[in-house]
Amino acid sequence: MSSISLWNRFQSHFLRYDDLGVSLDISRMDFADDFLSSKAEAAKNAVTQMLALEKGAIANPDEHRMVGHYWLRDSSLAPTKELADEIENTKAAILGFAADVHSGKILSSTGKKFTDLLLVGIGGSALGPQLVADSLWSSKDPIAVHFFDNTDPDGMEKVVEQLGKKLETTLVAVVSKSGGTKESRNGMLVAQDAIKKAGLDFPKHFVAVTGEGSELDKVATAEGWLKRFPMWDWVGGRTSVMSAVGLLPMALQGLDVEAFLAGAKAIDAKTRTDDLSKNASLLLALMWWHAGGGRGAKDMVVLPYKDRLLLFSRYLQQLVMESLGKELDLNGNVVNQGIAVYGNKGSTDQHAYVQQLRDGVNNFFITFVEVRKASPVAQLEVEPGVESGDYLQGFLRGTRTALHEKGRESITVSIPEFNAFYLGVLIGLYERAVGFYGTLVNINAYHQPGVEAGKKAAARVLELQAKTLAYLADNKGKAFTADQIAAAIGADAENVFHVARHIAANKPGVVYTTGANPGADTVSLA
Ligand SMILES: O=P(O)(O)OC[C@H]1O[C@H](O)[C@H](O)[C@@H](O)[C@@H]1O
């Protein structure tokens, strides 16, 4: 295409919200001229479904749940006054609690002001808070935020060591919607152990964010934790960053909660229209459909040219893949839907995998995220008249062109500057795009049945470990092969082999002897 026709294409496929300073450029997606009109009916239906969802329809039919994350930033949308009040009261309780922590009205068990927050959570109960904490960090934050987001003991120990003496002034927020997630339960126990070992009265350091009556809620009540904040069944984990899950750490870090919510509310309002040409989330969803033929055939590479947005692609990975990665459609047909998401940041990635994006397998489309104001503070001139941020813009534009020359498609989302408001805009934009896309491909974007299989399998491995250890304890000093143990306890030999290697590496007294092949290895308890 000549540069004149590209310029024309750009102008016809460039949507901007002048009042927000937000724009979406889909001109470098090579859809045919009639693509958008061919999808107009389906797009209208997606908007209709979204409006019904926002009014409280059971949009998650398998779990028979409403899907209410949009109410979190505009409680007037909630279908009942009770729900609206709960949203507002929870926000007020969070802001009040954070103010009391900052002022010193609420102090640590030793009577000192809290300086640090350790958030224990995983998946949707960590990814949003991590994105918020990292992207909006400033040296003026009254509280520094740390995370346990796994059951890796070494990872947790690293954080505990980093906290060191500051454990005395660390508040621990255990965040779990279900209140039964094992990784977070383990994290809670490790955090309690560390606080107790420091000689501190641990309940005075703990708060919970969880569903009422959950296992975690019961523990927090029984142990007399400082405070409990609610999580509701109508908010999904991956869209919970604007509930207590995200707002509590955000408020404690001293960040602008109201601006964050206002940004999401503002983009929600823009993306309720069924005028396709004016609905950025709908256009995004249609571009995903175009790129992957409605089958997720192409991966979504997310490249913000902004260090602060480093975790955005990781956040989107859960939002998009857990929402869209589904075996069945709403009619029960096997469809194996989904879109793979990865990315990091530009221009850094240009020195890594962008080589393949330009020259290698063409199985992706890029989304560039541009932040027009490079820095809130004056920049250094790196060459006469040139600042570092000019390079950032140059690399973004240059890469977009270089990729397009080779038939690689891209979308560009632009925001004027980066702050809490625009983080809210970006999250809202994608939440709605995911919802629209779910309707376009006729799947339930609000459940995650596949995740359960791994959890159940993990529980079986732990049972097998207990049985193996018990068998070895009953037969102390005797060495067994995996086959022998498997036959004795009624298990699969390969599973026993892996359990035996694990206990040998971790449990004192387990003796492991390597044979000529895995079947000849033996294990015993000394
Ligand atoms: O908040 P929790 O109940 O602890 O859940 C944490 C995460 O784990 C689950 O396995 C789900 O796949 C996620 O959607 C969820 O965000």
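Residues numbered from 1 in each chain as written. Predicted model: local features only at pLDDT ≥ 70, side-chain atom pairs only at ≥ 80, totals over all residues.

1. Thoughts on the domain arrangement of the chain
Rule in force here: Each domain's extent is set by a domain assignment, obtained either automatically or from a database. By the convention adopted here, residues make contact when the C-beta atoms placed from their backbones lie within 7 Å. The numbering of helices and of strands both runs from the N terminus, where a helix is a DSSP run of H or I of at least 4 residues and a strand a run of E of at least 2. Any residue that is not Ala, Val, Leu, Ile, Met, Phe, Trp, Tyr, Cys, Pro, Asp, Glu, Lys or Arg is counted as polar, Gly included; the first ten are nonpolar and the last four charged.
Per the domain assignment, the segments making up the chain are domain 1 (6–63 + 263–447), domain 2 (69–255) and domain 3 (450–525). One C-alpha centre belongs to domain 1, the other to domain 2, and the line joining them spans 30 Å. Tallying the contact residues gives 22 residues for domain 1 and 22 residues for domain 2. Put simply, the parts of the chain that give the side of domain 1 that touches domain 2 at least two residues each are helix 10 (257–270), helix 12 (312–324) and helix 15 (420–440). Broken down by element, the side of domain 1 that touches domain 2 gets its largest block of residues, 7 residues, from helix 12. Looking at the side of domain 1 that touches domain 2, its residues break down into 11 nonpolar, 3 polar and 8 charged.

2. With respect to the pairing of strand 13 (residues 410–415)
Note the following rule: Exposed residues have 12 or fewer other C-beta atoms within 10 Å of their own C-beta, buried residues have 20 or more, and residues in between are partly exposed; the C-beta atoms are placed from the backbone. Strand pairing is defined by DSSP finding a minimum of two bridges between the two strands.
When you tally the buried positions in strand 13, you get 5 out of 6 residues, the bulk of the element. Both strand 2 (residues 22–25) and strand 13 contribute to a ladder of 3 bridges, which runs antiparallel. Note on strand 13: the bridge partner recorded for Leu24 is Val413. In terms of strand pairing, strand 10 (residues 364–371) meets strand 13 through 6 bridges, oriented parallel. Counted as the bridge partner of Thr367 is Ile411 from strand 13.

3. Focus on helix 6 (residues 153–163)
For clarity, the cut-off: The directions from the helix axis to the C-beta atoms form the arc being described.
Along helix 6, the positions that sit buried rather than exposed are Met156, Val160 and Leu163. Down the axis of helix 6, the sector holding all buried residues measures 55°, keeping them to one side. Away from its buried face, by an angle of more than 90 degrees, helix 6 presents the exposed residues Asp154, Glu157, Lys158, Glu161 and Gln162. Of the surrounding secondary structure, the elements contacted by the buried residues of helix 6 are strand 3 (116–120), strand 4 (144–148), strand 5 (170–176) and helix 7 (182–197). Looking one or two residues past helix 6, Gly164 carries a phi angle of roughly 50°, positive in sign.

4. Considering the packing of helix 11 (residues 280–292) against helix 15
For any two helices packed against each other, one specifies the crossing angle of their axes together with the interaxial distance. Note the cut-off: The axes are straight lines fitted to the C-alpha atoms, using for helices just the contacting stretch, and the angles between their N-to-C directions are given from 0 to 180°. An angle below 35 degrees is read as roughly parallel, one above 145 as roughly antiparallel, one from 65 to 115 as roughly perpendicular, and any other as oblique. Working rule for handedness: look at the near helix, and if it is turned counterclockwise from the far one by less than a right angle, call the crossing left-handed; if clockwise, right-handed.
Two elements in contact, helix 11 and helix 15, have axes separated by 8 Å at closest approach and are oriented at 50°. In this view, helix 11 runs oblique relative to helix 15, as classed from their interaxial angle. Regarding helix 11 and helix 15, the two cross each other, and that crossing is right-handed. Of the residues in helix 15, those touching helix 11 at Ala280, Ser281, Leu282, Leu284, Ala285, Trp288 and Trp289 are Leu429, Arg432, Ala433, Phe436, Tyr437 and Leu440. Its residues placed into classes, the contact of helix 11 with helix 15 shows 11 nonpolar, 1 polar and 1 charged.

5. Quick look at the UniProt feature "active site" (unreviewed entry) in the chain
Note the threshold: UniProt positions are given in the numbering used here, feature names are shortened, and annotations may be inferred rather than shown by experiment.
As annotated by UniProt and renumbered to match this structure, "active site" (unreviewed entry) occupies Glu322, His351 and Lys455. Taken along the chain, the residues just named run across 134 residues; in space they spread out, the farthest C-alpha pair reaching 37.5 Å. Tracing the chain through its elements places Glu322 in helix 12. Ignoring sequence-local partners within four residues, the contact set of Glu322 consists of Arg238 and Gln448. Within the secondary structure, Lys455 sits in helix 16 (residues 449–474). Lys455 sits in the exposed class, given 12 other C-beta atoms within 10 Å.

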